[in-house]
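# Structural overview
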Amino acid sequence: MSTVLTALRSGLVVSCQAYPGEPMRSPVIMTAIALAAVEGGALGIRAQGLEDIRSMRAVLDVPLIGLVKVGSDGVFITPTVADSIAVARAGADIVAIDGTGRPRPDGASLAQCVATIHAEGALAMADCGSTQDARASLDAGVDCVGTTLAGYSGARRRTDGPDFDLLAQLMTFSTVPVIAEGRMRTPEDARIALAAGAHAVVVGTAITHPTSITRRFVSALGRRA
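Residue indices begin from 1 for each chain and proceed along its sequence in written order. Given that the model is predicted, a residue must reach a pLDDT of at least 70 before its local features are reported, and side-chain atom pairs must reach 80 or more before they are shown or counted; all residues, however, enter totals for whole chains, interfaces and linings. To obtain the side-chain values, all non-hydrogen atoms of the structure were included, while hydrogens and water were left out.

### Section: the pairing of strand 2 (residues 44-48)
Applicable threshold: Three exposure classes are used, based on accessible area relative to the maximum for each residue type with a 1.4 Å probe and protein chains only: buried under 20%, partly exposed in between, and exposed over 50%. A run of DSSP states H or I qualifies as a helix once it reaches four residues; a run of E qualifies as a strand once it reaches two. Both are numbered from the N-terminal end. The pairing criterion for strands is at least two bridges between them, as found by DSSP. Note on handedness: a clockwise path from strand one over the helix to strand two, with the strands aimed away from the viewer, defines a right-handed crossover.
Most of strand 2 sits out of view: five of its five residues are buried. Side chains G44, R46 and Q48 of strand 2 all project onto a buried face; the interleaved residues I45 and A47 project onto the opposite face, where all are buried too. The sheet contact formed by strand 1 (residues 11-16) and strand 2 spans four bridges and is parallel. Along strand 2, the bridge assignment pairs C16 with A47. Remark: the strand 1/helix 2 (residues 27-39)/strand 2 crossover connection has right-handed handedness. In terms of strand pairing, strand 2 meets strand 3 (residues 64-67) through four bridges, oriented parallel. For A47, the partnering residue across the bridge sits in strand 3 and is G66. A crossover links strand 2 with its parallel partner strand 3, the connecting element being helix 3 (residues 50-57), and its sense is right-handed.

### Observations concerning the nonpolar core
Convention followed: The nonpolar core is taken to be a set of buried Ala, Val, Leu, Ile, Met, Phe, Trp, Tyr and Cys residues, with the residues joined through side-chain atoms within 4.5 Å. What makes two residues a contact is simply this: any of their non-hydrogen atoms within 4.5 Å.
Counting residues in hydrophobic clusters, the biggest one holds 50 residues, and the most contacted among them are C16, I45, M56, V95 and V145. Apart from residues lying up to four places away in sequence, V95 is in contact with G66, T78, S84, V87, A88, I117, A122, L123, A124 and M125.

### Quick word on the pairing of strand 8 (residues 200-203)
In strand 8, alternate side chains face the same way, and those of A200 and V202 on one face and V201 and V203 on the other are all buried. Strand direction decides the pairing type here: strand 1 and strand 8, joined by four bridges, are parallel. The residue of strand 8 that forms the bridge with V14 is V203. Alignment of strand 7 (residues 178-181) against strand 8, held across three bridges, turns out to be parallel.

### Topic: the packing of aromatic side chains
Given two aromatic rings, one states the distance between the centres and the angle between the planes to describe the pair. Under the convention used in this document: Aromatic pairs are defined between Phe, Tyr and Trp rings, using the six-membered ring for Trp, whenever the two ring centres lie within 6.5 Å; interplanar angles under 30 degrees are classed as stacked, those over 60 as edge-to-face, and all others as tilted. Whether a charge sits over a ring comes down to the Lys NZ or Arg CZ being within 6 Å of the ring centre and within 35 degrees of the ring normal.
Tallied over the full model, the rule gives zero aromatic pairs. Cation over ring: R135 sits above F173, and NZ or CZ is 3.8 Å from the ring centre.

### Considering the packing of helix 4 (residues 81-90) against helix 5 (residues 110-119)
Applicable threshold: To get an axis, a line is fitted to the C-alpha atoms, and for a helix only the part in contact is used. The angle between two axes follows their N-to-C directions and goes from 0 to 180 degrees. Angle categories: roughly parallel below 35 degrees, roughly antiparallel above 145, roughly perpendicular from 65 to 115, and oblique for all the rest. For a crossing to be left-handed, the near helix must be turned anticlockwise from the far one by less than a right angle; the clockwise case is right-handed. Note on residue classes: Ala, Val, Leu, Ile, Met, Phe, Trp, Tyr, Cys and Pro are nonpolar, Asp, Glu, Lys and Arg are charged, and everything else, Gly too, is polar.
It is at 9 Å that the axes of helix 4 and helix 5 come closest, and there the two elements cross at 25 degrees. Between helix 4 and helix 5, the angle is such that the two are roughly parallel. The way helix 4 lies across helix 5 gives a crossing that is right-handed. When helix 4 is examined against helix 5, the residues V81, S84 and I85 are found in contact with a partner set consisting of C113, T116 and I117. Residues of the contact of helix 4 with helix 5, tallied by class, amount to four nonpolar, two polar and no charged.

Right, here's the structure in full:
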């Protein structure tokens, strides 16, 4: 196993991302949040956008999972070979890519994307939505698989919380580390994921998205945001 993945074992990766138009959409702000997460004990950071990745790489010494999002439908997580190269060159140790069987905008195969990432000296993480995705990703040579797209690719019903059933299924056959990600809302969710065998747990919104966190409190008080 690579030293990068070993460094993440049994730990928390914090996803520091803001969406277009949001007040916190700034590499400076996202980098500050990433630094705060590391200070709190995060073993790694997941970041979106080349500017954010470059900014974080300059100040972080923990593993950095990087990606770009292009659009919002179909394959939009690091969708092309060119995107994979750009993310790796921006400083990501691990490049997260769509691990589903859906067609990519540039017509490239998953294996071609993985080979490109490896040629750039980075590792490849497949964001999967089903066991079929994970099996195909393993065949393509990825270094780790994540449950990131469970409930978002159309292959499985979207669960209210983490898709622990998919995690359990992946643990029965994956030959690479499985990273639990997607709707991790509480420390207990993270604990359950690690107990189920996940190599690491990625938490994003529950830690780094104040608007969503505030809405939960407002809703609990019987008011509408």
